Amino acid sequence: MRIAITGTPGTGKTTATTILEGRLEDYDVIYLNDLLEREGLYTSVDEERDSKVADLDALEERLAERDDVLVESHLSHHLPADRVAVLRCAPEVLEKRLRERGERTDKAHENAESEALDVILSEAVDHHGLESVYEIDTTDREPTEVADELEAVVRGTRAPSAGEVDFVGYLT
Ligand SMILES: Nc1ncnc2c1ncn2[C@@H]1O[C@H](COP(=O)(O)OP(=O)(O)OP(=O)(O)O)[C@@H](O)[C@H]1O
């Protein structure tokens, strides 16, 4: 089974996945952004955004043979997956997390707006269907609690859910 762990930057994917990694014996974890950097699996560099444009075909080819794997990245929902966990965070809190992590003000704000607009959740549902998407609100949760929720997705003890989180008030 392949499980994608996605969400707007700052929702805590890497933090929670690292905790979960230590609990799972049967799954490998792939941190897609690290793989992209390590193996140069990008098509170009966006200087303005200070980011790399992922080569999704190359990444998918690289992962094609892998089974029982967790794929962590805000791009992971663009690749085939059996289940997709979408981490969410209230935009104001997300913006603060990103600023504290040292992100530029405009970038932190752009990510908060994208979170308010459900951009990644919508993409995940479009690509994989409602029955495969598991939305996890991380706003007032410790990373270990988020890892608990992710573990339930992996073990199949949690029902799919999408559309329960509503952050649209941030935009008004
Ligand atoms: N549940 C949480 N509660 C509060 N702060 C958190 C939580 N999870 C992560 N953080 C903090 O928020 C910041 C972003 O976390 P993290 O790097 O794990 O996010 P990410 O979704 O993997 O981001 P990116 O997509 O940019 O890699 C970090 O500074 C981290 O310490």
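Conventions and cut-offs
Residues numbered from 1 in each chain as written. Predicted model: local features only at pLDDT ≥ 70, side-chain atom pairs only at ≥ 80, totals over all residues. Heavy atoms only, no water. Pairing = 2+ DSSP bridges. Helix = DSSP H or I, 4+ residues; strand = E, 2+ residues; numbered from the N terminus. Axes fitted to C-alpha atoms, helices over the stretch in contact; angles between N-to-C directions. Contact = heavy atoms within 4.5 Å. Buried < 20%, exposed > 50% of the residue type's maximum accessible area, 1.4 Å probe, protein only. Arc of directions from axis to C-beta. UniProt positions renumbered as here; feature names shortened; annotations may be inferred. Core = buried A, V, L, I, M, F, W, Y, C linked by side-chain atoms within 4.5 Å. Lys, Arg positive; Asp, Glu negative; His and termini not counted. Salt bridge = Lys/Arg side-chain N within 4 Å of Asp/Glu carboxyl O. Polar contact = N/O pair within 3.5 Å; in protein donor to acceptor, adjacent residues only side chain to side chain. Near = heavy atom within 4 Å. Areas by Shrake-Rupley, 256 points an atom, 1.4 Å probe, with all protein chains shown as cover. Patch = residues over 30% accessible without salt bridge, like charges linked within 9 Å, V, L, I, M, F, W, Y side chains within 5 Å.

Peer 1: Quick rundown of the sheet that holds strand S1 (residues 2-7)? Include the residues and the values.
Peer 2: Taken together, the five strands give an open sheet; going across it, the order is S2-S5-S1-S6-S7, and neighbouring strands pair in parallel fashion. Edge positions in the sheet fall to strand S2 (28-31) and strand S7 (133-137), since each has one partner strand and no second. Averaged over all neighbouring strand pairs, the angle between strand axes comes to 20 degrees, with direction disregarded. Of the strands in this sheet, S2 and strand S5 (69-72) touch helix H2 (residues 32-39), which is tilted by about 65 degrees from S2.

Peer 1: Outline helix H6 (residues 119-128), supporting the account with residue identities and numerical values.
Peer 2: Restricting attention to buried positions, one finds in H6 the residues Ile120, Leu121, Ala124 and His128. Around the axis of H6, the buried residues are gathered within 100 degrees of arc, so they sit on the same side. If you follow the buried residues of H6, they end up packed against S1, strand S6 (83-88) and S7. Immediately downstream of H6, the backbone of glycine 129 shows phi near 90 degrees, a positive value.

Peer 1: Which residues make up the UniProt feature "binding site: ATP" (unreviewed entry) in the chain, and what are the values?
Peer 2: Sequence positions flagged by UniProt for "binding site: ATP" (unreviewed entry) are, in local numbering, Gly10, Gly12, Lys13, Thr14, Thr15 and Arg101. These annotated residues cover 92 residues of sequence, but their C-alpha atoms sit close together, with the largest distance between any two at 14.0 Å. Structurally, the position occupied by glycine 10 is in the loop between S1 and helix H1 (13-21). On the secondary structure map, threonine 14 appears in helix H1.

Peer 1: I'd like a rundown of the nonpolar core, residues and numbers included.
Peer 2: Nonpolar side chains in soluble globular proteins tend to end up buried together. Grouped together as the largest cluster of nonpolar side chains are 18 residues, with contacts concentrated most on Leu20, Leu70, Ile136, Leu150 and Val154. Secondary structure elements with two or more residues in this core: S1, H1, S2, S6, S7 and helix H7 (143-155). When residues of this core are assigned to their parent elements, the largest contribution, five residues, is made by H7. With residues near it in sequence (within four places) discarded, isoleucine 136 still touches Ala85, Val86, Leu87, Arg88, Arg141, Val146, Glu149, Leu150, Val153 and Arg158. Grouped together as the second largest cluster of nonpolar side chains are 12 residues, Leu35, Leu59, Leu63 and Leu79 included.

Peer 1: Which residues make up the side chain of glutamate 95, and what values do they have?
Peer 2: Within the secondary structure, glutamate 95 is located in helix H4 (residues 91-100). One buried charged side chain, glutamate 95, makes no salt bridge at all; its nearest oppositely charged neighbour is arginine 99, positioned 5.8 Å away. Engagement of the side chain of glutamate 95 in a polar contact is seen with the side chain of histidine 109, the distance being 3.2 Å. Beyond its immediate stretch of four places on either side in the chain, glutamate 95 contacts Ala108, His109, Ala112 and Tyr170.

Peer 1: I'd like a description of the site of the ligand, backed by residues and values.
Peer 2: Inspection of the region around the ligand gives 14 residues, with Lys13, Thr14, Thr15, Arg101 and Arg141 positioned closest. Contact between the ligand and threonine 15: an oxygen atom at 2.5 Å from a side-chain N or O atom of the residue. Side-chain polar atom of arginine 97 to a nitrogen atom of the ligand: 3.4 Å apart, as the coordinates give it. The protein chains hide 73% of the 630 Å² of surface that the ligand would expose on its own. The leading source of residues in the shell around the ligand is H1, at three residues.

Peer 1: Would you mind going over a nonpolar patch on the surface in detail, with residue names and values included?
Peer 2: A surface patch of nonpolar side chains, amounting to about 300 Å² of accessible area, comprises Leu117, Val119, Val168 and Leu171. Assignment of secondary structure puts leucine 117 in the loop between helix H5 (105-116) and H6. For leucine 117, a relative accessible area of 52% corresponds to the exposed category.

Peer 1: Can you lay out the pattern of salt bridges for me, pointing to particular residues and giving the numbers?
Peer 2: This structure, assessed with the given rule, holds 15 salt bridges. Between glutamate 149 and arginine 141 there is a salt bridge whose closest N-O contact spans 3.1 Å. The class of arginine 141 is partly exposed, set by a relative accessible area of 32%. A single network of salt bridges, built from pairs that share partners, joins Arg23, Asp148, Glu151 and Arg155.

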